[in-house]
Amino acid sequence: MAAAKTLFDKIWDTHVVHTVEEGPQVLYIDKHFIHEVTSPQAFAGLKKRGIPVYRTEHTIATADHNVPTENQHLPIKDVLSRHQVDTLIRNCKEFGVELYGLGHPYQGIVHVIGPELGITQPGMTIVCGDSHTSTHGAFGNIAFGIGTSEVEQVLATQCVLQRKPKTMKIQVDGELKRGVLSKDIVLYIISQLTTSGGTGHFIEFCGSAIEALSMEARMTICNMSIEMGARGGLIAPDEKTFEYIKGRQFAPVGNEWEKKLAEWQRLKTDTDAKFDAEYYFKAEDIEPMITYGTNPGMGMGITQFIPQVNGTSSSGLEKSLKYMELQGGSQLLGHEIDFVFIGSCTNSRIEDLRLVADMVKGKKKAAHVQAMIVPGSRQVEQQAIAEGIDLILKEAGFELRQSGCSACLGMNEDKIPKGKYCVSTSNRNFEGRQGPGARTMLASPLTAAAAALTGRVTDVRDLLKD
Ligand SMILES: CC(C)[C@H](C(=O)O)[C@@H](O)C(=O)O
Ligand code: SF4
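Along each chain, the written sequence defines residue order, and numbers are assigned to residues from 1. Chains and ligands are labelled by the order in which they are written, letters from A for the one and numbers from 1 for the other. Reporting of local features is limited, given that this is a predicted model, to residues whose pLDDT is at least 70; pairs of side-chain atoms are given and counted only at 80 or more, and all residues count toward the totals for whole chains, interfaces and linings.

Going by this rule: UniProt positions are given in the numbering used here, feature names are shortened, and annotations may be inferred rather than shown by experiment.
An unreviewed UniProt entry annotates the chain as 3-isopropylmalate dehydratase large subunit of Marivirga aurantiaca. Annotation of the chain in UniProt includes, under Sequence similarities (unreviewed entry), the sentence "Belongs to the aconitase/IPM isomerase family. LeuC type 1 subfamily." Under the UniProt heading Catalytic activity (unreviewed entry), the entry covering the chain gives this text: "(2R,3S)-3-isopropylmalate = (2S)-2-isopropylmalate".

Structure follows, in structure tokens:
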């Protein structure tokens, strides 16, 4: 009998075109997403060498990082952003690549639109010149970020040279407590394993708490798997996965659907397969989470105390707390905040917006807080309008913007001013990430919405009581 294999190994092995002895492998790529930030030099390289895009039908482009989130019908004001987006438009035209650019009904953050359009499917290899490509792994595929020179490789050959990562299993069992979302699960795991805990590994998330999550909630977990240093994360596909994909724009239909479904149903880790590392967590141990520092591993339960800076604390802690202007040994609960950002490829899908709308319905945000909600795609925006979510948010004093990466990394006009505190549903709280001097606290959409209402870091469970 063949040796037991993990799901990761099964997908990887079927995509290997060639193995270099003692070297990397040539991996075939099923889907290649591109955006305006990491594609220009890759196209320039092709042009220089006179090479076409090999498989245009498996290359999908969108404009997300540099796009404004207001007045998207007008020319982009910011010169650099306009240049980036125009370059993408020109390259896609020249090379025959489909572009879901500004104004297109499918436009949105690359990791939101792939799954939403049914392009992202189980068993595939998926790459993009973007670290959070891991998001797609929620559908039981191998999805990972690549650099610009690799983008060029994939455009030219539909293959990429890779060394096979090690495998890791992270199992979360049990039932989540009230007010705890998948964002809290992943922030909790990173706080336990640190930002380097997954280095060199590809993670499979499993266990009853993961199985119980919706597809959108699973995406949040895989999205942030890379924040623990992993190459990516995946979750075995199940009925929820198939149900989610069925009927989407690019999902297989008819006989092809039946054929694919039969293949997808076999995508599982064998019972006795060995992982290089394994971790186990209990869902009951997880509180709503918030970060106090400047990397995603510096997170804690919302009622807990910021670690003290002392001889044994990491050298980064003191610097982080200084930047954040926070005191070791104190609680974050009750800390005044200035901004709330609900968006990014981590938490900008329709379920996130629904959760927020449910929470803020009939209430008003704190007067001193600016609350920005940026849908992950045009389709999410349209759905929110169709459900009346836009009106609920407006009445509560929140701004519903147009889709894009926005204040997740401030490559457009959406920036958090210097020294201001922002509770953000994004995935990175690095120094200056949301704007020079901006102070980011990562949290779930519920915790962010609660902070917008009270103007302070708030335990969402207190607001859920009534
Ligand atoms: C701009 C892009 C290369 C970058 C990434 O790879 O992650 C961005 O999406 C981010 O989140 O920092
Ligand atoms: S939303 Fe943020 S994390 Fe996601 S791709 Fe855009 S910039 Fe990167």
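Alright, that's what it looks like, and here's the rest.
**Digging into the overall build of the chain**
Note the threshold: Secondary structure counts use DSSP, requiring at least four H or I residues in a row for a helix and at least two E residues in a row for a strand, with both numbered from the N terminus. The globule rule is 2.2 Å times the number of residues to the power 0.38, and the radius of gyration it is compared with is taken over C-alpha atoms. Three exposure classes are used, based on other C-beta atoms lying within 10 Å of a residue's own C-beta, which is placed from the backbone: buried for 20 or more, exposed for 12 or fewer, and partly exposed in between.
On a plain count of helices and strands, the chain comes out with 16 helices and 19 strands. Over its C-alpha atoms the chain spans a radius of gyration of 21 Å, differing by no more than 12% from the 23 Å that the globule rule assigns to 466 residues. Dimensions along the principal axes, computed over C-alpha positions, put the chain at roughly 55 × 55 × 45 Å. Buried positions account for 52% of the 466 residues belonging to the chain.

**Focus: helix 11 (residues 315-324)**
Worth spelling out the cut-off: Directions from the helix axis toward the C-beta atoms define the arc. A pair of residues counts as a contact when their C-beta atoms, built from backbone coordinates, are within 7 Å of each other.
Those residues of helix 11 that sit buried are S320, L321 and M324. In an axial view of helix 11, the angular spread of the buried residues amounts to 95 degrees, which keeps them on one side of the axis. Opposite the buried face of helix 11, by more than 90 degrees, sit the exposed residues S315 and K322. Contact partners of the buried residues in helix 11: strand 19 (439-442). Just downstream of helix 11 lies E325, where phi reads positive at about 50 degrees.

**A closer look at the sheet that holds strand 3 (residues 31-34)**
Rules: We treat two strands as partners when DSSP finds at least two bridges between them. Helix axes are fitted to C-alpha atoms over the stretch in contact, other axes to C-alpha atoms as well, and angles between N-to-C directions run from 0 to 180 degrees.
Ordered in space as 5-4-3-6-7, the 5 strands form an open sheet in which the pairing is parallel. The sheet terminates laterally at strand 5 (98-100) and strand 7 (142-145), the two strands that pair on one side only. The mean angle between the axes of side-by-side strands here comes to 20 degrees, regardless of whether they run parallel or antiparallel. Direction of pairing for strand 3 relative to strand 4 (residues 59-62): parallel, over a ladder of 3 bridges. Residue F33 lies in a different strand from strand 4, and its bridge partner there is I60.

**What to know about the pairing of strand 6 (residues 125-128)**
Successive residues of a regular strand alternate their side chains across the two faces of the sheet. Neither face of strand 6 is open: one carries T125 and V127, the other I126 and C128, and all of them are buried. Pairing of strand 3 with strand 6 involves 3 bridges; the strand directions are parallel. Paired with H32 across the strands is V127, a residue of strand 6. Relative to strand 7, strand 6 is paired through 4 bridges, and the arrangement is parallel. Counterpart to C128 in the pairing with strand 7 is G145.

**Thoughts on the site of ligand 1**
Quick reminder of the rule: Near, for a residue, is defined by distance from a backbone-placed C-beta atom to a molecule or strand, with 6 Å as the limit that must not be exceeded. All residues other than Ala, Val, Leu, Ile, Met, Phe, Trp, Tyr, Cys, Pro, Asp, Glu, Lys and Arg, Gly among them, are scored as polar; the first ten of these are nonpolar and the last four charged.
Around ligand 1, a shell composed of V37, T38, H65, D130, S131, H132, G145 and L409 is seen. Taken together, the residues of the shell around ligand 1 break down into 2 nonpolar, 5 polar and 1 charged.

**Notes on the site of ligand 2**
Rules: An automatic or database domain assignment supplies the start and end points of every domain.
Among the 13 residues in the neighbourhood of ligand 2, the closest are listed as S344, C345, C405, C408 and L409. Looking at side-chain class alone, the shell around ligand 2 contains 5 nonpolar, 6 polar and 2 charged residues. Looking at which domains feed residues into the shell around ligand 2, each of domain 1 (7-164 + 239-245) and domain 3 (289-464) gives three or more.

**Regarding the sheet that holds strand 11 (residues 232-234)**
One open sheet holds the 4 strands; their spatial order is 11-10-9-12, and the pairing between them is parallel. Of all the strands in the sheet, just strand 11 and strand 12 (277-282) have a single pairing partner and so form its edges. Averaged over all pairs of adjacent strands, the angle between their axes in this sheet comes to 20 degrees, without regard to strand direction. Pairing between strand 10 (residues 201-206) and strand 11: 3 bridges, direction parallel. Pairing of F202 across the sheet is with G232, part of strand 11. Sheet strands in contact with helix 1 (residues 7-15) are strand 9 (166-173), strand 10 and strand 11, and its direction is about 130 degrees off that of strand 10. This element, helix 8 (residues 215-225), spans strand 10 and strand 11 of the sheet and lies at about 155 degrees to strand 11.

**Focus on the UniProt feature "binding site: [4Fe-4S] cluster" (unreviewed entry) in the chain**
As recorded in UniProt, the feature "binding site: [4Fe-4S] cluster" (unreviewed entry) lies at C345, C405 and C408. Taken together, the annotated residues stretch across 64 residues yet fold into one region, lying no more than 8.8 Å apart by C-alpha. Residue position: C345 is located in the loop between strand 15 (339-342) and helix 12 (350-360). For C345, a count of 29 C-beta atoms within 10 Å puts it in the buried group. If you trace the backbone, C405 turns up in the loop between strand 17 (399-400) and strand 18 (421-424). In contact with C405, other than residues within four places in its own chain, are D64, H65, I109, S344 and M411.

**Comments concerning helix 15 (residues 445-454)**
Counting buried residues in helix 15 gives 9 out of 10 residues, a clear majority hidden from the surface. Looking only at helix 15, the buried set comprises P445, L446, T447, A448, A449, A450, A451, A452 and L453. As for helix 15, its buried residues are in contact with strand 13 (289-291), strand 15, helix 12, strand 16 (370-373), strand 18 and helix 16 (460-464).

**Some remarks on the domain arrangement of the chain**
Its domain assignment divides the chain into domain 1 (7-164 + 239-245), domain 2 (166-238 + 269-285) and domain 3 (289-464). The interface is formed by 17 residues belonging to domain 2 together with 20 residues belonging to domain 3. Those elements giving two or more residues to the side of domain 2 that touches domain 3 turn out to be helix 6 (182-193) and helix 8. Among the elements that line the side of domain 2 that touches domain 3, the one with the most residues is helix 6, at 6 residues.

**Quick notes on the packing of helix 6 against helix 8**
Think of two packed helices as two axes; the pair is described by the angle between the axes and how far apart they sit. Our working definition: Roughly parallel refers to an angle under 35 degrees, roughly antiparallel to one over 145, roughly perpendicular to one between 65 and 115, and oblique to any angle outside these ranges. Whether a crossing is left-handed or right-handed is set by the direction in which the near helix is turned from the far one by less than a right angle, anticlockwise for left-handed and clockwise for right-handed.
At a minimum axis distance of 8 Å, the contact between helix 6 and helix 8 shows a crossing angle of 25 degrees. Considering their axes alone, helix 6 and helix 8 lie roughly parallel with respect to each other. Classified by chirality, the crossing of helix 8 by helix 6 is right-handed. Facing S182, K183, I185, V186 and I190 of helix 6, the residues of helix 8 in contact are A217, R218, T220, I221 and M224.

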